[in-house]
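# Summary of the model geometry
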Amino acid sequence: MTASDKPNSGNTDTITVIDNKNNQRLDLDILTGEMGPDVIDIRKLYHDLDYFTYDPGFTSTASCDSAITYIDGEKGVLMHRGYKIEELSSQSNFIEVSYLLLYGELPNEQELAEFEKDVKRHSLVDEQLIRFYNGFRRDAHPMAIMVGVVGALSAFYHDSQDISDPKQRHLATIRLIGKMPTIAAMAYKYAIGQPFVYPSSELSYTGNFLRMMFSVPAEDYVPNPVLERAIDCLFVLHADHEQNASTSTVRLAGSSQANPFACIAAGIASLWGPAHGGANEAVLKMLIEIGHKDRIPEFIARAKDKKDPFRLMGFGHRVYKNYDPRAKVLRDSAHDVLSELGIADQPLFELALELEKIALEDEYFIKKKLFPNVDFYSGIILQAMGFPSSMFTVMFAIPRTAGWISQWHEMLGDPVQKIGRPRQRYIGHGPREYVSMDER
Ligand code: CMC
């Protein structure tokens, strides 16, 4: 393949595919985005040359145009709608960022107030849905409950599933953002055998969530503002991250015109894996297993050993080849939370800091550009605040819902999008004679 500098119509360059095997060639357009690498438009490749492309894990494939989130992995930059994550996490709140993701602009005071009121008005779940929980074992993983209950919203809210109706799409959006904390807190309360706590519109989105998680009917509960702010910041940091596995899953499910509740349930399922959102739970387990800083070299050696499947959880990222900017914010936030709780010298945090230091000085991690990612410090914050590790990935799913649903809207509004349908390179048997049962 050779690049040609000949501009084509529309002010784009082309790249020429030269097929020596069949003696043919094809010019493909190079499309330019606002920022980031240019993309080669390969849509006519199969039609004109009879070739597919092969890219397991989509390491070199852009599946869509998007105007929501931009990541510069080499520089460690993350922006939503052009605003840097550091500014959003320090100056905005989660509801504001959800609005930004959905509608493209930061809301003014009135827009924010209306949006927030709308979200709060939809935080209750149908009483019948509450009965669902009794069907789960008490030791069910909360992510299993999330997949089931969020998918089950499709069975309750029939007036928000016609995806061709903008009003219904909006209603489903608000319902999902509003109900996620309620569904999540109920999963926790069910596991520990405490009564469910109904949402309160008097509190902020995160204050209400903390109350639903940690209050009991016998006592008053006032959320600690430092912890409330820390959870809000965590939610902002997790709100969107362009075309990651769960977001791509939501888009793929949505491309078949499935209803929004089913699509978000699919995203939750994808998020659950330890290579994705499940890593925050895995990091804490790993830190507990390491136990003492004297054992760090042993675990670093295991992470480097090709024969050992162990990986340093909370390290590495498909896109970031630099420090994940979200991890930086969370490291500072961990300091604030632990100080507020009077456990600034918490051993797991000290262990995490030491592990980070040693890994960042290690040749293997330097060479492979493996840095702490968003999951490295989040578990420490959450554990200190009293969240069980099984809830950590749930704490990722709640805010990511804002990103998933924004990406789902964008996909539905994109005239170029069609049902997602990757191709394959077939490597199985060629045609063969059927073998009857008595001859096998
Ligand atoms: N520990 C040790 N080695 C690692 C690690 C790690 N955490 N991550 C990557 N590597 C090595 C890997 O073995 C490979 O080496 P080689 O080139 O010699 O085969 C190289 O680095 C590239 O790794 P990869 O698996 O090809 O990279 P990827 O982009 O497919 O995977 C990742 C990215 C996040 C799945 C991976 O870094 C990983 O498994 N990290 C640990 C799990 C984790 O923290 N996940 C959270 C990701 S951030 C939040 C989110 O997305 O939800």
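For the structure, check the block above.
This section reports on the structure supplied with the text. (Residues numbered from 1 in each chain as written. Predicted model: local features only at pLDDT ≥ 70, side-chain atom pairs only at ≥ 80, totals over all residues. Heavy atoms only, no water.)

## Things to note about the side chain of Ser98
Basically, it comes down to this: Under the DSSP-based scheme used, a helix requires at least four consecutive residues in state H or I and a strand at least two consecutive residues in state E, with every element numbered from the N terminus. Burial status follows relative accessibility: with a 1.4 Å probe on protein chains alone, a residue under 20% of its type maximum counts as buried, one over 50% as exposed, and anything between as partly exposed. The contact rule is simple, with two residues in contact once any of their heavy atoms fall within 4.5 Å.
Its location among the elements puts Ser98 in helix α3 (residues 94-103). Ser98 gets classed as buried once you look at its relative accessible area, which sits at 0%. If sequence neighbours within four positions are ignored, Ser98 has contacts with Phe115, Ile177 and Ala402.

## Focus on the site of the ligand
What counts, and what does not: Only a single heavy atom is needed: when it lies within 4 Å of a molecule or strand, its residue is near that molecule or strand. The definition of a polar contact used here is a pair of N or O atoms within 3.5 Å, where within protein one atom must be able to donate a hydrogen and the other to accept one, and adjacent residues in sequence count solely through side-chain atom pairs. Throughout, the Shrake-Rupley method with a 1.4 Å probe supplies accessible areas, and for residues the shown protein chains are the sole cover considered. Note on residue categories: nonpolar means Ala, Val, Leu, Ile, Met, Phe, Trp, Tyr, Cys or Pro, charged means Asp, Glu, Lys or Arg, and polar means any other residue, Gly included.
The environment of the ligand is formed by 22 residues, the closest being His276, Leu312, Gly314, Arg318 and Lys368. Backbone polar atom of Phe315 to a nitrogen atom of the ligand: 2.9 Å apart, as the coordinates give it. Contact distances for the ligand include 2.9 Å between an oxygen atom and a side-chain N or O atom of Asn373. For the ligand, whose accessible area on its own is 930 Å², the fraction buried by protein is 74%. Its residues assigned to classes, the shell around the ligand comprises eleven nonpolar, six polar and five charged.

## Side note on the nonpolar core
To keep things clear, this is the line we draw: Residue types Ala, Val, Leu, Ile, Met, Phe, Trp, Tyr and Cys, when buried and joined through side-chain atoms within 4.5 Å, form a set referred to as a nonpolar core.
Core analysis: the biggest nonpolar cluster contains 117 residues, and Val150, Leu312 and Phe387 have the highest contact counts within it. With twelve residues, helix α7 (residues 166-192) is the largest single contributor of residues to this core. Those residues in contact with Phe387 that sit more than four places away from it in its chain are Phe209, Leu210, Met213, Phe214, Ile231, Leu382, Phe392 and Met395. Core analysis: the second largest hydrophobic core is formed by seven residues, Val17, Leu28, Ile30 and Leu49 among them.

## A short note on the packing of aromatic side chains
Convention followed: A pair of aromatic rings is counted whenever rings of Phe, Tyr or Trp (Trp by its six-membered ring) have centres within 6.5 Å, and the orientation is called stacked for planes under 30 degrees apart, edge-to-face for over 60 and tilted otherwise.
Across all of its chains, the model carries 21 aromatic pairs by this definition. Seen in terms of ring centroids, Phe94 and Tyr205 are 5.2 Å apart; in terms of plane orientation they differ by 35°. Their pairing is tilted. Of the two residues, Phe94 sits in helix α3 while Tyr205 sits in helix α8 (residues 205-214), which places them 111 residues apart along the sequence. Of the two residues, Phe94 and Tyr205, neither departs from the other in class, the shared state being buried. A ring pair is formed by Phe299 and Phe310, whose centres lie 5.6 Å apart and whose planes are at 70°; its orientation type is edge-to-face.

## A short note on the sheet that holds strand β5 (residues 69-72)
What counts, and what does not: Pairing between strands is defined by DSSP: at least two bridges between them are needed.
The antiparallel open sheet is built from three strands, whose spatial order is β5-β6-β7. At either margin of the open sheet sits one strand with a lone partner, and together these are β5 and β7 (83-84). By the bridge criterion, two bridges tie strand β6 (residues 77-80) to β7 in an arrangement that is antiparallel. What sits directly across from Met79, in β7, is Lys84.

## Re the state of the cysteines
Selection criterion: Only a pair of cysteine sulfur atoms within 2.5 Å counts as a disulfide in this structure description.
This model, assessed by the stated rule, comprises zero disulfides. The thiol sulfur of Cys64 is not disulfide-bonded, and the nearest other cysteine sulfur, from Cys263, lies at 14 Å.

## Comments concerning the pattern of salt bridges
Stated precisely, the cut-off is as follows: Each reported salt bridge corresponds to a side-chain nitrogen of Lys or Arg within 4 Å of a carboxyl oxygen of Asp or Glu.
For the structure on display, the rule yields 15 salt bridges. Its salt-bridge partner being Arg121, residue Asp118 comes within 3.6 Å of it at the nearest N-O pair. With Asp118 and Arg121 both in helix α4 (residues 109-121) and three residues apart, this pair spans about one turn of that helix. Using a relative accessible area of 53% as the deciding quantity, one classes Arg121 as exposed. For Asp362, the salt bridge is made with Lys304, and the minimal N-O distance between the two is 2.9 Å. A residue pair is termed long-range when its members are at least 10 positions apart, and Asp362 in the loop between α15 (347-360) and α16 (363-367) and Lys304 in helix α13 (residues 296-304) qualify at 58 residues.

## Some details on a positive patch on the surface
Note the cut-off: Residues forming no salt bridge and having over 30% relative accessible area are the ones grouped into patches, like charges within 9 Å of each other and nonpolar side chains (Val, Leu, Ile, Met, Phe, Trp, Tyr) within 5 Å. By the counting rule applied here, Lys and Arg register as positive and Asp and Glu as negative, while His and the ends of each chain are not counted. One atom stands in for each charge, and that atom is NZ of Lys, CZ of Arg, CG of Asp or CD of Glu.
Together, Lys306, Arg311, Lys367 and Lys368 give the surface a local cluster of positive charge. Relative to the helices and strands, Lys367 resides in helix α16. According to the relative accessible area criterion, Lys367 is exposed, its value standing at 70%.

## Quick word on α7
How we decide: Take the residue count of a helix, subtract one, and multiply by 1.5 Å to get its expected span. The bend reported for a residue corresponds to the angle between axes fitted to the seven residues ending at that residue and the seven starting there.
Over its 27 residues, α7 runs 40 Å from end to end, which matches the ideal 39 Å to within 8%, given 1.5 Å per residue. Its axis deflected by about 40° at Lys179, α7 carries its strongest bend there, up to four residues before the proline Pro181. By the N-cap criterion, in which a side-chain oxygen at the helix start approaches the backbone nitrogen of a residue two or three places on, α7 is capped by Asp165, the distance to Lys167 being 2.9 Å. Gly193 sits one or two residues past α7 and shows a positive phi near 70°.

## As for the packing of helix α12 (residues 279-290) against helix α17 (residues 375-384)
Defined as follows: Angles shown run from 0 to 180 degrees and are taken between the N-to-C directions of axes, each axis being a line fitted to C-alpha atoms and, for helices, limited to the stretch in contact. Orientation is classified from the angle alone, with under 35 degrees giving roughly parallel, over 145 giving roughly antiparallel, 65 to 115 giving roughly perpendicular, and any other angle giving oblique.
Running from N to C, α12 and α17 point in directions that differ by 75°, and their axes come no closer than 8 Å. Relative to α17, the element α12 is oriented roughly perpendicular. In this structure, α12 uses Ala279, Asn280, Val283, Leu284, Met286 and Leu287 to contact α17, whose residues at the interface are Asp375, Phe376, Ser378, Gly379, Ile380 and Gln383. Counted by class, the contact of α12 with α17 contains seven nonpolar, four polar and one charged residues.

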